[in-house]
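An overview of the molecular structure
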Amino acid sequence: MKIERIELHHISMPLVHPFETSFGVETNRPAILVAVHGEGITGWGECVTGDRPDYSSETIVTAWHVLSEFLAPGLLGHPIEDPADIFSSPGYRMVRGHNMAKAALENAVWDWVARIRNVPLQMLLGGSKKRVDVGVSIGIQPTLDGLMERVAQFIAAGYGRIKVKIKPGWELTPLTEIRRAYPHIKLMADANSAFSLADLPLFQQMDDLNLLMIEQPLAHDDIIDHAALQAHLKTPICLDESIHIPGDARLAIHLEACRVINIKVARVGGFTNALAIHNLCAEAGIPVWCGGMLETGIGRAANLHLASLPNFKLPADISATDRYYHRDIAEPTFTLNTEDSTISVPQGAGIGVTVNTAQVATYRLRKEVIG
Ligand code: OSB
Ligand code: MG
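We now turn to the structure provided with this report. Bear in mind that the values here come from a model prediction, so they are computed numbers and not experimental data. (Residues numbered from 1 in each chain as written. Chains lettered and ligands numbered in written order. Predicted model: local features only at pLDDT ≥ 70, side-chain atom pairs only at ≥ 80, totals over all residues. Heavy atoms only, no water.)

1. Some thoughts on the environment of Leu 105
- Secondary-structure assignment places Leu 105 in helix H3 (residues 99–117).
- Relative accessible area serves as the criterion here: at 0%, Leu 105 is assigned to the buried category.
- It is 25 Å that separates the C-alpha atoms of Leu 105 and Cys 281, two residues lying 176 residues apart in sequence.
- In this structure Leu 105 touches Ile 6, Val 34, Val 36, Leu 67, Leu 71, Ala 72, Leu 75 and Tyr 92, once residues within four positions along its chain are discounted. (Helix = DSSP H or I, 4+ residues; strand = E, 2+ residues; numbered from the N terminus. Buried < 20%, exposed > 50% of the residue type's maximum accessible area, 1.4 Å probe, protein only. Contact = heavy atoms within 4.5 Å.)

2. Here's the deal with the sheet that holds strand S3 (residues 41–47)
- The strand order across the open sheet formed by 4 strands is S3-S2-S1-S15, and the pairing between neighbours is antiparallel. A single partner strand is all that each edge strand has here, and the edge strands are S3 and strand S15 (364–370). Strand-to-strand, the axes of this sheet are offset by a mean angle of 25°, without reference to chain direction.
- For strand S1 (residues 5–21) and S15, the ladder comprises 6 bridges, and the chain directions are antiparallel. Looking at the pairing, Glu 7 lines up with Val 369 of S15. (Pairing = 2+ DSSP bridges. Axes fitted to C-alpha atoms, helices over the stretch in contact; angles between N-to-C directions.)

3. Here we look at the environment of Val 66
- For Val 66, the location among the structural elements is in helix H1 (residues 60–75).
- Counting along the chain gives 25 residues from Val 66 to Gly 91, while the straight-line C-alpha distance between them is 9.0 Å.
- Discounting residues that sit within four places of it in the chain, Val 66 has contacts with Leu 71, Val 95, His 98 and Ala 101.

4. Brief notes about unusual backbone geometry
- The linkage connecting Glu 331 with the following residue, Pro 332, adopts the cis geometry, with an omega of -5°.
- The residue Pro 332 is located in the loop between strand S12 (330–331) and strand S13 (342–344) in this model.
- Positive phi is not limited to glycine here, since Asn 192 has a value of about 45°.
- Given a relative accessible area of 5%, Asn 192 falls into the buried group.
- Of note in the backbone geometry, Glu 256 takes a positive phi value of approximately 55° without being a glycine.
- Examined against the element boundaries, Glu 256 turns out to sit in the loop between helix H9 (246–254) and strand S10 (260–263).
- A relative accessible area of 60% places Glu 256 in the exposed class.

Following this line, the structure appears as C-alpha coordinates:
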(Lines give C-alpha, C1' and ligand atoms only; values in the text may rest on other atoms or scores of the structure.)
(Ligands and ions follow the chains in the order given, each with its own letter.)
Protein backbone atom coordinates (compact mmCIF):
# COMPACT_ATOMS: atom_id res chain seq x y z
CA MET A 1 0.00 0.00 0.00
CA LYS A 2 1.18 3.50 -0.76
CA ILE A 3 0.37 7.04 0.27
CA GLU A 4 -0.04 9.22 -2.81
CA ARG A 5 -0.78 12.65 -1.35
CA ILE A 6 -0.53 14.41 2.02
CA GLU A 7 -2.36 17.58 3.02
CA LEU A 8 -1.44 19.92 5.85
CA HIS A 9 -4.07 22.28 7.29
CA HIS A 10 -3.05 24.94 9.82
CA ILE A 11 -6.16 25.85 11.78
CA SER A 12 -6.99 28.00 14.78
CA MET A 13 -10.09 27.24 16.87
CA PRO A 14 -11.60 29.55 19.49
CA LEU A 15 -11.80 27.89 22.92
CA VAL A 16 -15.06 28.04 24.90
CA HIS A 17 -13.05 29.29 27.91
CA PRO A 18 -9.53 30.78 27.92
CA PHE A 19 -7.06 28.18 29.27
CA GLU A 20 -4.40 29.48 31.68
CA THR A 21 -1.39 27.44 32.82
CA SER A 22 1.86 28.45 34.49
CA PHE A 23 3.04 29.36 30.93
CA GLY A 24 0.30 31.88 30.11
CA VAL A 25 -3.22 32.13 28.70
CA GLU A 26 -4.58 30.66 25.45
CA THR A 27 -7.87 31.81 23.94
CA ASN A 28 -7.47 30.01 20.61
CA ARG A 29 -6.03 26.60 19.99
CA PRO A 30 -3.86 26.17 16.90
CA ALA A 31 -3.30 22.79 15.26
CA ILE A 32 -1.90 21.29 12.08
CA LEU A 33 -4.23 18.64 10.70
CA VAL A 34 -2.51 16.04 8.56
CA ALA A 35 -4.48 14.05 5.98
CA VAL A 36 -2.82 11.12 4.20
CA HIS A 37 -4.49 9.85 1.01
CA GLY A 38 -3.89 6.53 -0.72
CA GLU A 39 -5.72 3.38 -1.86
CA GLY A 40 -8.89 5.50 -2.01
CA ILE A 41 -8.82 6.06 1.79
CA THR A 42 -7.94 9.14 3.90
CA GLY A 43 -6.33 8.96 7.37
CA TRP A 44 -6.16 11.90 9.78
CA GLY A 45 -3.69 13.01 12.43
CA GLU A 46 -3.37 16.14 14.55
CA CYS A 47 -0.25 18.06 15.50
CA VAL A 48 -0.93 19.69 18.89
CA THR A 49 2.03 22.01 19.27
CA GLY A 50 1.20 25.57 20.31
CA ASP A 51 2.20 28.89 18.82
CA ARG A 52 4.94 29.31 21.45
CA PRO A 53 7.73 26.88 22.44
CA ASP A 54 6.56 26.75 26.09
CA TYR A 55 5.06 23.35 26.83
CA SER A 56 7.47 21.77 24.32
CA SER A 57 10.34 23.10 22.21
CA GLU A 58 8.25 22.75 19.03
CA THR A 59 5.89 25.35 17.58
CA ILE A 60 3.37 25.34 14.75
CA VAL A 61 6.04 26.91 12.52
CA THR A 62 8.74 24.31 13.29
CA ALA A 63 6.26 21.44 12.95
CA TRP A 64 5.02 22.77 9.60
CA HIS A 65 8.62 23.07 8.36
CA VAL A 66 9.59 19.55 9.45
CA LEU A 67 6.38 17.98 8.13
CA SER A 68 6.35 19.73 4.77
CA GLU A 69 10.10 19.66 4.00
CA PHE A 70 11.15 16.30 5.43
CA LEU A 71 8.62 13.88 6.93
CA ALA A 72 5.79 14.08 4.39
CA PRO A 73 7.80 14.09 1.11
CA GLY A 74 9.80 11.09 2.35
CA LEU A 75 6.64 9.09 2.95
CA LEU A 76 5.11 9.49 -0.52
CA GLY A 77 5.27 6.22 -2.44
CA HIS A 78 7.01 4.42 0.46
CA PRO A 79 5.57 0.89 0.83
CA ILE A 80 3.42 0.54 3.96
CA GLU A 81 1.76 -2.68 5.09
CA ASP A 82 1.96 -1.85 8.78
CA PRO A 83 2.21 1.56 10.58
CA ALA A 84 5.75 0.68 11.76
CA ASP A 85 6.88 0.75 8.10
CA ILE A 86 7.00 4.56 8.25
CA PHE A 87 10.20 4.36 10.32
CA SER A 88 12.12 3.11 7.28
CA SER A 89 10.91 6.05 5.14
CA PRO A 90 13.59 8.63 4.23
CA GLY A 91 12.02 11.45 6.25
CA TYR A 92 11.71 9.52 9.50
CA ARG A 93 15.24 8.11 9.19
CA MET A 94 16.66 11.62 8.84
CA VAL A 95 14.78 13.69 11.44
CA ARG A 96 15.89 13.79 15.08
CA GLY A 97 13.48 15.08 17.70
CA HIS A 98 10.38 16.99 16.53
CA ASN A 99 8.13 14.47 18.23
CA MET A 100 4.90 16.40 17.76
CA ALA A 101 5.45 16.72 14.02
CA LYS A 102 6.29 13.02 13.79
CA ALA A 103 3.29 11.97 15.88
CA ALA A 104 0.86 13.86 13.66
CA LEU A 105 1.98 12.00 10.55
CA GLU A 106 2.46 8.63 12.24
CA ASN A 107 -1.01 8.83 13.75
CA ALA A 108 -2.54 9.73 10.38
CA VAL A 109 -0.91 6.56 9.01
CA TRP A 110 -2.32 4.44 11.88
CA ASP A 111 -5.78 5.84 11.15
CA TRP A 112 -5.29 5.18 7.40
CA VAL A 113 -4.19 1.55 7.97
CA ALA A 114 -7.07 0.90 10.42
CA ARG A 115 -9.58 2.39 7.95
CA ILE A 116 -8.18 0.26 5.12
CA ARG A 117 -8.54 -2.85 7.31
CA ASN A 118 -11.96 -1.59 8.39
CA VAL A 119 -11.29 -1.98 12.14
CA PRO A 120 -11.42 0.50 15.04
CA LEU A 121 -7.93 1.84 15.77
CA GLN A 122 -8.02 0.33 19.28
CA MET A 123 -7.84 -3.14 17.70
CA LEU A 124 -4.52 -2.31 16.03
CA LEU A 125 -3.18 -0.74 19.22
CA GLY A 126 -4.23 -3.64 21.45
CA GLY A 127 -6.89 -1.80 23.46
CA SER A 128 -10.22 -3.31 24.40
CA LYS A 129 -12.06 -1.01 26.82
CA LYS A 130 -15.19 0.47 25.24
CA ARG A 131 -15.39 3.32 27.78
CA VAL A 132 -12.49 5.32 29.13
CA ASP A 133 -12.42 6.94 32.59
CA VAL A 134 -12.01 10.68 32.18
CA GLY A 135 -11.64 13.88 34.16
CA VAL A 136 -11.39 17.58 33.48
CA SER A 137 -8.36 19.89 33.55
CA ILE A 138 -9.18 23.34 34.90
CA GLY A 139 -6.92 26.28 34.07
CA ILE A 140 -5.79 28.94 36.54
CA GLN A 141 -8.76 31.22 37.26
CA PRO A 142 -8.75 34.98 37.96
CA THR A 143 -10.33 34.47 41.42
CA LEU A 144 -10.82 31.71 43.97
CA ASP A 145 -14.62 32.15 43.77
CA GLY A 146 -14.38 31.77 40.01
CA LEU A 147 -12.41 28.54 40.43
CA MET A 148 -14.89 27.12 42.97
CA GLU A 149 -17.71 27.89 40.56
CA ARG A 150 -15.92 26.11 37.69
CA VAL A 151 -15.24 23.08 39.90
CA ALA A 152 -18.89 22.97 40.98
CA GLN A 153 -20.06 23.15 37.35
CA PHE A 154 -17.84 20.28 36.25
CA ILE A 155 -18.77 18.09 39.21
CA ALA A 156 -22.46 18.81 38.50
CA ALA A 157 -21.83 17.86 34.85
CA GLY A 158 -20.62 14.43 36.02
CA TYR A 159 -16.82 14.65 36.01
CA GLY A 160 -15.41 12.33 38.66
CA ARG A 161 -11.85 13.65 38.63
CA ILE A 162 -10.72 17.27 38.86
CA LYS A 163 -7.27 18.49 37.86
CA VAL A 164 -6.29 22.06 38.58
CA LYS A 165 -3.37 23.97 37.17
CA ILE A 166 -1.10 25.52 39.80
CA LYS A 167 1.71 28.09 39.77
CA PRO A 168 3.65 29.87 42.55
CA GLY A 169 1.11 31.87 44.53
CA TRP A 170 -1.82 29.76 43.24
CA GLU A 171 -1.45 26.35 44.86
CA LEU A 172 -2.20 25.58 48.51
CA THR A 173 -5.23 27.84 48.90
CA PRO A 174 -7.13 26.66 45.83
CA LEU A 175 -6.29 22.99 46.50
CA THR A 176 -7.24 23.25 50.19
CA GLU A 177 -10.54 24.96 49.37
CA ILE A 178 -11.51 22.34 46.80
CA ARG A 179 -10.59 19.52 49.20
CA ARG A 180 -12.65 21.16 51.96
CA ALA A 181 -15.70 21.48 49.69
CA TYR A 182 -15.33 17.98 48.17
CA PRO A 183 -13.64 15.68 50.71
CA HIS A 184 -13.89 12.60 48.45
CA ILE A 185 -13.42 13.87 44.89
CA LYS A 186 -10.41 12.59 42.94
CA LEU A 187 -8.29 15.74 42.95
CA MET A 188 -4.87 16.45 41.45
CA ALA A 189 -2.61 19.37 40.58
CA ASP A 190 -0.52 20.09 37.47
CA ALA A 191 2.35 22.57 37.90
CA ASN A 192 3.78 22.45 34.37
CA SER A 193 7.31 22.73 35.80
CA ALA A 194 6.69 25.98 37.71
CA PHE A 195 8.46 25.01 40.98
CA SER A 196 11.90 24.00 42.25
CA LEU A 197 13.25 21.76 45.02
CA ALA A 198 13.40 24.86 47.23
CA ASP A 199 9.59 24.58 47.34
CA LEU A 200 9.74 21.26 49.24
CA PRO A 201 7.90 22.71 52.30
CA LEU A 202 5.01 23.71 50.04
CA PHE A 203 4.77 20.22 48.56
CA GLN A 204 4.90 18.72 52.07
CA GLN A 205 1.80 20.75 52.92
CA MET A 206 0.10 19.53 49.74
CA ASP A 207 0.94 16.00 50.84
CA ASP A 208 -1.86 16.19 53.44
CA LEU A 209 -4.59 16.92 50.88
CA ASN A 210 -5.01 13.35 49.66
CA LEU A 211 -4.21 14.27 46.06
CA LEU A 212 -4.34 11.58 43.40
CA MET A 213 -0.96 12.86 42.17
CA ILE A 214 1.09 16.00 41.59
CA GLU A 215 1.91 16.38 37.89
CA GLN A 216 5.27 17.75 36.69
CA PRO A 217 6.11 19.92 39.71
CA LEU A 218 9.75 20.59 38.73
CA ALA A 219 11.81 21.43 35.66
CA HIS A 220 10.91 19.81 32.33
CA ASP A 221 14.50 18.56 31.96
CA ASP A 222 15.33 17.41 35.48
CA ILE A 223 14.40 13.84 36.36
CA ILE A 224 16.93 13.70 39.22
CA ASP A 225 15.27 16.57 41.12
CA HIS A 226 11.92 14.81 40.76
CA ALA A 227 13.48 11.72 42.35
CA ALA A 228 14.67 13.85 45.26
CA LEU A 229 11.19 15.34 45.71
CA GLN A 230 9.36 12.00 45.37
CA ALA A 231 11.51 10.57 48.17
CA HIS A 232 9.96 13.16 50.54
CA LEU A 233 6.32 12.74 49.51
CA LYS A 234 3.66 10.09 49.97
CA THR A 235 1.62 11.66 47.13
CA PRO A 236 2.66 10.12 43.79
CA ILE A 237 4.53 12.40 41.41
CA CYS A 238 3.43 12.08 37.78
CA LEU A 239 5.79 13.06 34.99
CA ASP A 240 4.46 14.77 31.86
CA GLU A 241 6.96 17.18 30.20
CA SER A 242 9.97 15.07 31.30
CA ILE A 243 9.03 12.01 29.22
CA HIS A 244 9.77 12.22 25.47
CA ILE A 245 11.08 8.75 24.62
CA PRO A 246 10.86 5.29 26.21
CA GLY A 247 14.39 5.85 27.60
CA ASP A 248 13.13 8.80 29.67
CA ALA A 249 10.48 6.55 31.22
CA ARG A 250 13.08 3.88 31.97
CA LEU A 251 15.33 6.45 33.63
CA ALA A 252 12.47 7.94 35.67
CA ILE A 253 11.33 4.51 36.86
CA HIS A 254 14.91 3.43 37.64
CA LEU A 255 15.52 6.58 39.72
CA GLU A 256 12.04 6.37 41.36
CA ALA A 257 11.40 9.91 40.14
CA CYS A 258 7.66 9.26 39.77
CA ARG A 259 4.98 6.68 40.57
CA VAL A 260 2.72 7.57 37.63
CA ILE A 261 3.37 8.59 34.01
CA ASN A 262 1.19 10.76 31.79
CA ILE A 263 1.38 9.53 28.20
CA LYS A 264 0.67 12.12 25.54
CA VAL A 265 1.00 10.53 22.16
CA ALA A 266 2.24 13.79 20.63
CA ARG A 267 4.94 14.43 23.22
CA VAL A 268 6.38 10.93 22.79
CA GLY A 269 6.38 11.07 18.98
CA GLY A 270 3.43 8.84 18.06
CA PHE A 271 1.61 5.63 18.90
CA THR A 272 4.66 3.38 18.53
CA ASN A 273 6.53 5.11 21.35
CA ALA A 274 3.32 5.51 23.36
CA LEU A 275 2.82 1.73 23.23
CA ALA A 276 6.44 1.10 24.20
CA ILE A 277 6.10 3.39 27.24
CA HIS A 278 2.74 1.85 28.15
CA ASN A 279 4.31 -1.63 28.09
CA LEU A 280 7.45 -0.83 30.02
CA CYS A 281 5.41 0.98 32.68
CA ALA A 282 3.08 -2.05 32.94
CA GLU A 283 6.10 -4.31 33.53
CA ALA A 284 7.41 -1.96 36.22
CA GLY A 285 4.01 -1.70 37.96
CA ILE A 286 3.68 2.00 37.10
CA PRO A 287 0.13 3.02 36.08
CA VAL A 288 -0.23 5.46 33.20
CA TRP A 289 -2.98 7.78 32.03
CA CYS A 290 -3.67 9.63 28.82
CA GLY A 291 -2.92 13.35 28.90
CA GLY A 292 -4.56 15.91 26.64
CA MET A 293 -3.54 18.99 24.67
CA LEU A 294 -6.99 20.54 24.14
CA GLU A 295 -7.23 18.46 20.99
CA THR A 296 -9.83 18.82 18.27
CA GLY A 297 -12.12 15.83 17.67
CA ILE A 298 -9.37 14.17 15.60
CA GLY A 299 -6.74 14.09 18.33
CA ARG A 300 -9.30 13.39 21.05
CA ALA A 301 -10.68 10.38 19.17
CA ALA A 302 -7.12 9.06 18.79
CA ASN A 303 -6.52 9.56 22.53
CA LEU A 304 -9.65 7.57 23.40
CA HIS A 305 -8.38 4.59 21.39
CA LEU A 306 -4.99 4.77 23.09
CA ALA A 307 -6.51 5.12 26.57
CA SER A 308 -8.44 1.87 26.01
CA LEU A 309 -5.25 -0.14 26.65
CA PRO A 310 -5.06 -2.04 29.96
CA ASN A 311 -2.33 -0.10 31.83
CA PHE A 312 -4.19 3.21 31.36
CA LYS A 313 -5.44 2.91 34.92
CA LEU A 314 -6.15 6.50 35.93
CA PRO A 315 -8.67 8.97 34.48
CA ALA A 316 -7.63 10.65 31.22
CA ASP A 317 -7.53 14.36 30.38
CA ILE A 318 -10.15 13.76 27.70
CA SER A 319 -13.25 15.82 28.33
CA ALA A 320 -16.47 16.23 26.36
CA THR A 321 -16.37 18.39 23.22
CA ASP A 322 -18.39 21.21 24.81
CA ARG A 323 -15.69 21.72 27.43
CA TYR A 324 -13.35 22.89 24.64
CA TYR A 325 -15.16 24.02 21.47
CA HIS A 326 -18.49 25.41 20.30
CA ARG A 327 -18.07 23.76 16.90
CA ASP A 328 -15.60 20.94 16.45
CA ILE A 329 -14.26 19.71 13.10
CA ALA A 330 -15.18 16.02 13.42
CA GLU A 331 -18.38 14.05 14.01
CA PRO A 332 -19.72 12.59 16.13
CA THR A 333 -18.66 14.88 18.95
CA PHE A 334 -17.96 13.49 22.42
CA THR A 335 -20.26 13.54 25.42
CA LEU A 336 -19.65 12.45 28.98
CA ASN A 337 -21.35 9.28 30.24
CA THR A 338 -22.46 10.97 33.45
CA GLU A 339 -23.20 7.78 35.39
CA ASP A 340 -19.53 6.74 35.48
CA SER A 341 -17.45 9.75 34.26
CA THR A 342 -16.40 7.98 31.07
CA ILE A 343 -16.35 8.73 27.36
CA SER A 344 -17.10 5.93 24.88
CA VAL A 345 -14.45 4.91 22.36
CA PRO A 346 -15.86 5.56 18.85
CA GLN A 347 -16.37 2.20 17.15
CA GLY A 348 -16.23 3.09 13.44
CA ALA A 349 -13.17 2.26 11.32
CA GLY A 350 -9.90 3.98 12.25
CA ILE A 351 -10.28 6.73 14.84
CA GLY A 352 -14.04 6.41 14.26
CA VAL A 353 -14.88 10.03 13.49
CA THR A 354 -15.63 11.76 10.19
CA VAL A 355 -13.82 15.01 9.51
CA ASN A 356 -16.05 17.90 8.45
CA THR A 357 -13.83 19.46 5.78
CA ALA A 358 -16.12 22.46 5.33
CA GLN A 359 -15.75 23.21 9.04
CA VAL A 360 -11.97 22.75 8.77
CA ALA A 361 -11.98 25.37 5.98
CA THR A 362 -13.69 27.93 8.24
CA TYR A 363 -10.88 27.64 10.82
CA ARG A 364 -8.04 27.35 8.29
CA LEU A 365 -5.14 29.80 8.08
CA ARG A 366 -2.94 27.88 5.62
CA LYS A 367 -3.01 24.72 3.50
CA GLU A 368 -0.35 22.79 1.62
CA VAL A 369 -0.63 19.71 -0.58
CA ILE A 370 2.40 17.43 -0.90
CA GLY A 371 2.34 14.99 -3.79
O1 OSB B 1 0.13 19.91 31.01
O2 OSB B 1 -1.45 18.58 30.70
C3 OSB B 1 -0.90 19.64 30.42
C4 OSB B 1 -3.01 21.60 27.89
C5 OSB B 1 -2.02 22.25 27.16
C6 OSB B 1 -0.71 22.07 27.53
C7 OSB B 1 -0.37 21.24 28.62
C8 OSB B 1 -1.36 20.58 29.33
C9 OSB B 1 -2.71 20.79 28.97
C10 OSB B 1 -3.85 20.21 29.68
C11 OSB B 1 -5.11 20.02 28.87
O12 OSB B 1 -3.85 19.99 30.86
C13 OSB B 1 -5.90 18.82 29.21
C14 OSB B 1 -7.01 18.60 28.20
O15 OSB B 1 -6.74 18.50 26.97
O16 OSB B 1 -8.17 18.52 28.63
MG1 MG C 1 0.56 18.30 32.33
